[in-house]
Number of protein chains: 2
Amino acid sequence: MNEPIVISLLDLDFYKISMGQWVFHRYPDVLVRYAFRCRTPGIPLAEIIAEKELRQELDHVRTLRFNNSELHYLRGTNEYEERMFKEAYLEFLKDLRMPSYELERVGDTYCLEFPGKWSEAIYWETIALAIVNELYYRALMVRLGSFERDVVHANGVIRLCEKLKTLRDHGRVMFSDFGTRRRFSKAWHDYVVRTLSEELPRTQFIGTSNVYLAMKYGLMPIGTSAHELFMIRAGMCETDEEIRKSQLGVVDEWWDEYHWGLSIFLPDTYGSDWFLQNVMTEERARTWKGTRQDSGDPIEFGEKLIAHYEHLGIDPRDKLLIPSDGLDVGAMTHITDYFAGRIRVSCGWGTNLTNDLGLQPLSLIIKPVEVLGRKLVKLSDNVAKATSGSAEEIERYKKIFGYTSTFEQRPLY
Amino acid sequence: MNEPIVISLLDLDFYKISMGQWVFHRYPDVLVRYAFRCRTPGIPLAEIIAEKELRQELDHVRTLRFNNSELHYLRGTNEYEERMFKEAYLEFLKDLRMPSYELERVGDTYCLEFPGKWSEAIYWETIALAIVNELYYRALMVRLGSFERDVVHANGVIRLCEKLKTLRDHGRVMFSDFGTRRRFSKAWHDYVVRTLSEELPRTQFIGTSNVYLAMKYGLMPIGTSAHELFMIRAGMCETDEEIRKSQLGVVDEWWDEYHWGLSIFLPDTYGSDWFLQNVMTEERARTWKGTRQDSGDPIEFGEKLIAHYEHLGIDPRDKLLIPSDGLDVGAMTHITDYFAGRIRVSCGWGTNLTNDLGLQPLSLIIKPVEVLGRKLVKLSDNVAKATSGSAEEIERYKKIFGYTSTFEQRPLY
């Protein structure tokens, strides 16, 4: 066995920690289940990745603990708010042992699930995705000849170099690395982030979502929250009205936890239109820092967001738009230029940043699928991204949230 | 200091050994002088390469000896003729210590010369060129940032990959590595040759001129003779008639040494037209294997050569044409396709093979400039490549050989 892929529990996305504390403070013992899925069709994952290796990697993660320096780093994190991580939470992290997983080969792919207390199972997502990704590309690389492997790496370097050239020509484009979950390998991710940190000013390369790399290279750790908060909180409810109310609850509890520092809306879980009308009311829209756009059309959504702010008498130029759905340099440049002078744009750049070496990237996801034994629903602003145990549940949620979107596009990554 | 660049006396071009034995057998004590020159204008070599480093590298070569395994390799060389290297010569090599050099900074470049007995000084050429080249590119690389260096290497890999693709699409193109003297670095040269040996069949990648790499990778060592034989032998003569006769002498003495195995004409030292008419008479043309084309236009020369063979009643399809002047894949493909079915073509591929990473290659040469205190002349089939101590001597040689070529083109490399 090579050195394990994940050698630190900080090798995950910052939002797992920021959400982790929120969950720890509010819903620590709620039982949830996360499930892995490969959205890219026709990939026989179980033929490519050996089950034994996958188990070894996942098992190794369960031997890891947050060490003293890592806890110091979190305790010292002040980029969003002084002492944003409380001692009780850091104590909890100190004792955390990653909960067990369920892995089974089904046909030519894997059923990989993470059941457990929300406060513990939450940390698996980006860790397990990074592991599956790396094992997959490692297997592809082993099948190549030595020179072909060099060509793959060289392609990665040249493409990164071209990205840097374009970004230097478009100094207005601001972005962060969001690529942990889809990285070609840990080593490549490290190389990309180090190179960005050396080659671009911090006013352009803002930081990385990967806490381990943020710590290693002294970068700003980036991240706020994900759909799972909205999905699981909705799933905990009985009536339609409770479900609707839960969405406001998530947002207000998030403000209570982190205040202005991490006040980035994520409006698309059950359709952004409903969210803008019902959650982004004047007071919240005025106090919150900005909005992340993770599905649908970023230009269309940005226009809608600006119109919403203006309708409320709020100057959108003080607000932040964070596109994060399948971006590349062209899209980042286009969105940034398009909204220049109208709203601030800072991009979250994932797959195309950390897995662009000429091999097809995989669209792997790990999503919460159950809470308290009940199936969870996500709609998003892209019909193709909707998930649920049943069509009935999706229809129910569409009604609850007055969902009318017809935008449909297979996820790029 | 890094590991020295040249760590084996076999890290030179095979023709230095094949010519070396010929010289050892015939003119061992003739005093000659080789001189280094950079033909690329505007390169302040002495500003870029530290004199101390250059001396260290050259001095290190003088500590080297042919070791027992290297002598075994030469003794066992049977690709051209059984036991082509005689015991007396191998004994001589065993005791060889590279003669001293003269190095002086002149303005922003170096005067670097190698005086001595022909049988000893002959080995410096490709060794010293490889050293100057590597020190030059090493200095350029040190000035780059870490990522820029990665990009240079990645460019090298991608360009090599594109070369391989084109060569696979043109399986008829046959070539050998002639790139020792102009290589980006020893490590890169090694990488290129190893990759070619793994990626292409031996019917296409015939071998390498570098004896060390031929030995390391079990490849065919490639090379015959160079202009220095014709130049120095002419320089040893007094009268015009003796000079003309010396050219036939070189050719016949070469046949006496190696017979059919290394019978490749090099016709352009004083103009190929004279050579074809006066040296490549029917018997020689019929017995010799082929001809190397090292200056002028390869298509034009090939046509002339084919016409010459046909005029003599010899089937050119049994003969070999070896273009070796500033080739790239495009030129090799064009020449090979152009002459398909008319004459066999096998290319000698140098600078563009071993120094194509995006940095400008240098046209560095080391040529014999004196014999017995007399300046040497070379004309070639390219007026821009003519060299001599004086214009009068060039004119004299032009008259002697009825030289009328007007082809003029700055050497690509």
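The next thing to look at is the overall build of chain A. Looking only at helices and strands, chain A features 18 helices and 13 strands. In terms of overall dimensions, chain A is globule-like: its C-alpha atoms have a radius of gyration of 20 Å, near the 22 Å expected for 413 residues. Projected onto the principal axes, the alpha-carbon positions of chain A cover approximately 60 × 50 × 45 Å. By residue count, 60% of the 413 residues in chain A fall in the buried class. Expressed as a percentage of contacts within chain A between residues at least 6 apart in sequence, the contacts between residues at least 24 apart total 80%. Each charge sign in chain A was given a centre, from 52 positive and 61 negative side chains, and these centres are 1 Å apart.

This paragraph deals with the packing of helix 1 (residues 14–26) of chain B against helix 5 (residues 87–95) of chain B. Residues and elements named next belong to chain B. At a closest axis distance of 10 Å, the pairing of helix 1 and helix 5 adopts a crossing angle of 110°. Classified by the angle between their axes, helix 1 and helix 5 sit roughly perpendicular to one another. Every residue of helix 5 that contacts helix 1 at Lys16, Ile17, Gly20, Gln21 and Phe24 is listed here: Ala88, Tyr89 and Phe92. Class assignment for the residues of the contact of helix 1 with helix 5 results in 5 nonpolar, 2 polar and 1 charged.

Enumeration according to the criterion identifies 56 aromatic pairs over all chains in this entry. Measuring from ring centre to ring centre gives 6.4 Å for Trp22 of chain B and Trp254 of chain B, while their planes differ by 50°; the resulting arrangement is tilted. One end of the pair, Trp22 of chain B, is in helix 1; the other, Trp254 of chain B, is in helix 12 (residues 240–258), with 232 residues separating them in the sequence. When its relative accessible area of 0% is taken as the criterion, Trp22 of chain B is described as buried. A relative accessible area of 2% means that Trp254 of chain B is categorised as buried. Residues Trp274 of chain B and Phe401 of chain B carry aromatic rings whose centres are separated by 4.6 Å and whose planes lie at 85° to one another, so their mutual orientation is edge-to-face. Taken as a pair, Trp274 of chain B in helix 13 (residues 272–278) and Phe401 of chain B in the segment after helix 18 (391–400) lie far apart in primary sequence, 127 residues in all. Accessibility classification places Trp274 of chain B together with Phe401 of chain B in one group, the buried group. Aromatic rings pair up to connect Phe14, Phe24, Tyr80, Phe85, Tyr89 and Phe92 of chain A into one cluster. Over the face of the ring belonging to Trp260 of chain A we find Lys289 of chain A, whose NZ or CZ atom lies 4.3 Å from the ring centre.

All names here are of chain A. Summed over the entire model, instances satisfying the criterion amount to 0 disulfides over all chains. Between Cys38, a free cysteine, and Cys111, which holds the nearest cysteine sulfur, the sulfur-to-sulfur gap is 14 Å. On the basis of relative accessibility, which here comes to 18%, the residue Cys38 falls in the buried class.

Residue and element names in this part refer to chain A. Across the two faces of strand 9 (residues 320–323) the burial is the same, with Leu320 and Ile322 and Leu321 and Pro323 all buried. Alignment of strand 8 (residues 290–293) against strand 9, held across 4 bridges, turns out to be parallel. If you follow Gly290 over to strand 9, its bridge partner there is Leu320. Note that the unit made of strand 8, helix 15 (residues 298–311) and strand 9 has a crossover that is right-handed. Both strand 9 and strand 10 (residues 344–345) contribute to a ladder of 2 bridges, which runs parallel. Note on strand 10: the bridge partner recorded for Leu321 is Val345.

All names here are of chain A. Evaluated as defined, the whole model comprises 66 salt bridges over all chains. Put simply, Arg183 and Asp11 hold a salt bridge, and the shortest N to O gap is 2.9 Å. Taken together, the residues span a long stretch of sequence, with Arg183 in the loop between strand 4 (175–177) and helix 9 (186–199) and Asp11 in the segment before helix 1 (14–26) at a distance of 172 residues. Asp11 gets classed as buried once you look at its relative accessible area, which sits at 3%.

What follows is about the side chain of Arg284 of chain A. Residue and element names in this part refer to chain A. Topologically, Arg284 is positioned in helix 14 (residues 282–287). Judged by its relative accessible area of 14%, Arg284 is buried. Looking at Arg284, its side chain comes within polar contact range of the main-chain oxygen of Val279, at 2.8 Å. Aside from chain neighbours lying at most four places away, what touches Arg284 is Leu248, Val251, Asp252, Phe265, Asn278 and Val279.

Another point: the sheet that holds strand 6 (residues 220–221) of chain A. Residues and elements named next belong to chain A. In spatial order, the strands read 6-5-4-11; together these 4 strands make up an open sheet with parallel pairing. Looking along the sheet, the strands with just one partner apiece sit at the ends: strand 6 and strand 11 (347–349). Relative to strand 6, strand 5 (residues 205–208) is paired through 2 bridges, and the arrangement is parallel. Following the sheet pairing, Thr208 is matched in strand 6 by Pro221. In the packing of helix 9 onto the sheet, the strands contacted are strand 4 and strand 5, and the crossing angle to strand 5 comes to about 150°.

What follows concerns the interface of chain A and chain B. Of the residues lining the interface, 15 residues belong to chain A; the matching set on chain B comes to 15 residues. Between chain A and chain B, a total of about 1200 Å² is buried, with carbon and sulfur atoms accounting for 73% of that surface. The interface formed by chain A and chain B includes 0 salt bridges. Between chain A and chain B we count 2 residue pairs in polar contact (both at pLDDT 80 or more) in total. Breaking the side of chain A that touches chain B down by element, the ones donating at least two residues are helix 8 (146–169) and helix 9 of chain A. For the side of chain A that touches chain B, the leading source of residues is helix 8 of chain A, giving 11 residues. Broken down by class, the residue content of the side of chain A that touches chain B amounts to 9 nonpolar, 3 polar and 3 charged.

Here chain A sits on chain B after a turn of 180° about the axis and a move of 0.1 Å along it, with an RMSD of 0.0 Å. The operation mapping one copy onto its partner corresponds to a two-fold rotation axis. For chain A, the residue whose C-alpha comes nearest the rotation axis is Ala154 of chain A, separated from it by 2.1 Å. Comparing contact sets, 100% of the residues at the interface of chain A also lie at the interface in chain B, consistent with an isologous, same-surface contact.

Our next topic: empty space enclosed by the protein. Considering all chains together, one arrives at 3 cavities of 30 Å³ or more under this definition. Roughly 60 Å³ of internal volume is contained in the largest cavity. As for the largest cavity, its lining consists of Ser225, Leu229, Phe230, Val250, Val251, Trp254, Ile264, Phe265, Leu266 and Trp288 of chain A. Sorting the residues of the lining of the largest cavity by element identifies helix 11 (227–235), helix 12 (240–258) and strand 7 (264–265) of chain A as the ones contributing at least two each. The element that contributes the greatest number of residues to the lining of the largest cavity is helix 12 of chain A, accounting for 3 residues. Its residues assigned to classes, the lining of the largest cavity shows 9 nonpolar, 1 polar and no charged. Put simply, the second largest cavity is a space of about 50 Å³. Along the walls of the second largest cavity sit Ser225, Phe230, Val250, Val251, Trp254, Ile264, Phe265, Leu266, Phe275 and Trp288 of chain B, which together make up its complete lining. Within the residue set of the lining of the second largest cavity, elements represented by two or more residues are helix 12 and strand 7 (264–265) of chain B. Among the elements that make up the lining of the second largest cavity, the one with the highest residue count is helix 12 of chain B (3 residues).

Next up on the list: the confidence of the model for chain A. For chain A, per-residue confidence averages 96 on the pLDDT scale, and residues scoring 70 or more make up 100% of the total. Interface confidence in the predicted complex, given as ipTM, is 0.85; pTM for the same model is 0.90.

Running from amino to carboxyl end, helix 8 of chain A crosses helix 9 (residues 186–199) of chain B at an angle of 125°, the nearest separation of the two axes being 9 Å. Classified by the interaxial angle, the pair formed by helix 8 of chain A and helix 9 of chain B is oblique. For the pair formed by helix 8 of chain A and helix 9 of chain B, the contact residues are Ser146, Phe147 and Asp150 of chain A on the first element and Tyr191, Arg194, Thr195 and Glu199 of chain B on the second. A breakdown of the residues in the contact of helix 8 of chain A with helix 9 of chain B according to their chemical character gives 2 nonpolar, 2 polar and 3 charged.

Our focus in this paragraph is the environment of Val383 of chain B. Structurally, the position occupied by Val383 of chain B is in the loop between strand 13 (374–375) and helix 18. What Val383 of chain B contacts, discounting residues up to four positions off in sequence, is Tyr403, Ser405, Thr406, Phe407 and Glu408 of chain B.

About the cut-offs
Residues numbered from 1 in each chain as written. Chains lettered and ligands numbered in written order. Predicted model: local features only at pLDDT ≥ 70, side-chain atom pairs only at ≥ 80, totals over all residues. Heavy atoms only, no water. Helix = DSSP H or I, 4+ residues; strand = E, 2+ residues; numbered from the N terminus. Rg over C-alpha atoms; globule rule 2.2 N^0.38 Å. Buried < 20%, exposed > 50% of the residue type's maximum accessible area, 1.4 Å probe, protein only. Contact = heavy atoms within 4.5 Å. Lys, Arg positive; Asp, Glu negative; His and termini not counted. Charge placed at Lys NZ, Arg CZ, Asp CG, Glu CD. Axes fitted to C-alpha atoms, helices over the stretch in contact; angles between N-to-C directions. Parallel < 35°, antiparallel > 145°, perpendicular 65-115°, else oblique. Nonpolar A, V, L, I, M, F, W, Y, C, P; charged D, E, K, R; others polar. Phe/Tyr/Trp six-rings, centres within 6.5 Å; stacked < 30°, edge-to-face > 60°. Lys NZ or Arg CZ within 6 Å of the ring centre and 35° of its normal. Disulfide = S-S within 2.5 Å. Pairing = 2+ DSSP bridges. Right-handed = clockwise from strand over helix to strand, strands pointing away. Salt bridge = Lys/Arg side-chain N within 4 Å of Asp/Glu carboxyl O. Polar contact = N/O pair within 3.5 Å; in protein donor to acceptor, adjacent residues only side chain to side chain. Buried area = accessible area lost by both parts, 1.4 Å probe. Least-squares fit on C-alpha atoms with pLDDT ≥ 70 in both. 1 Å grid on protein atoms, 1.4 Å probe; cavity = no way out; pocket = protein on both sides within 12 Å on 5 of 7 lines; lining within 4 Å. Points joined across faces, edges and corners; volume = space filled by probe spheres on them. pLDDT = per-residue confidence, 0-100.

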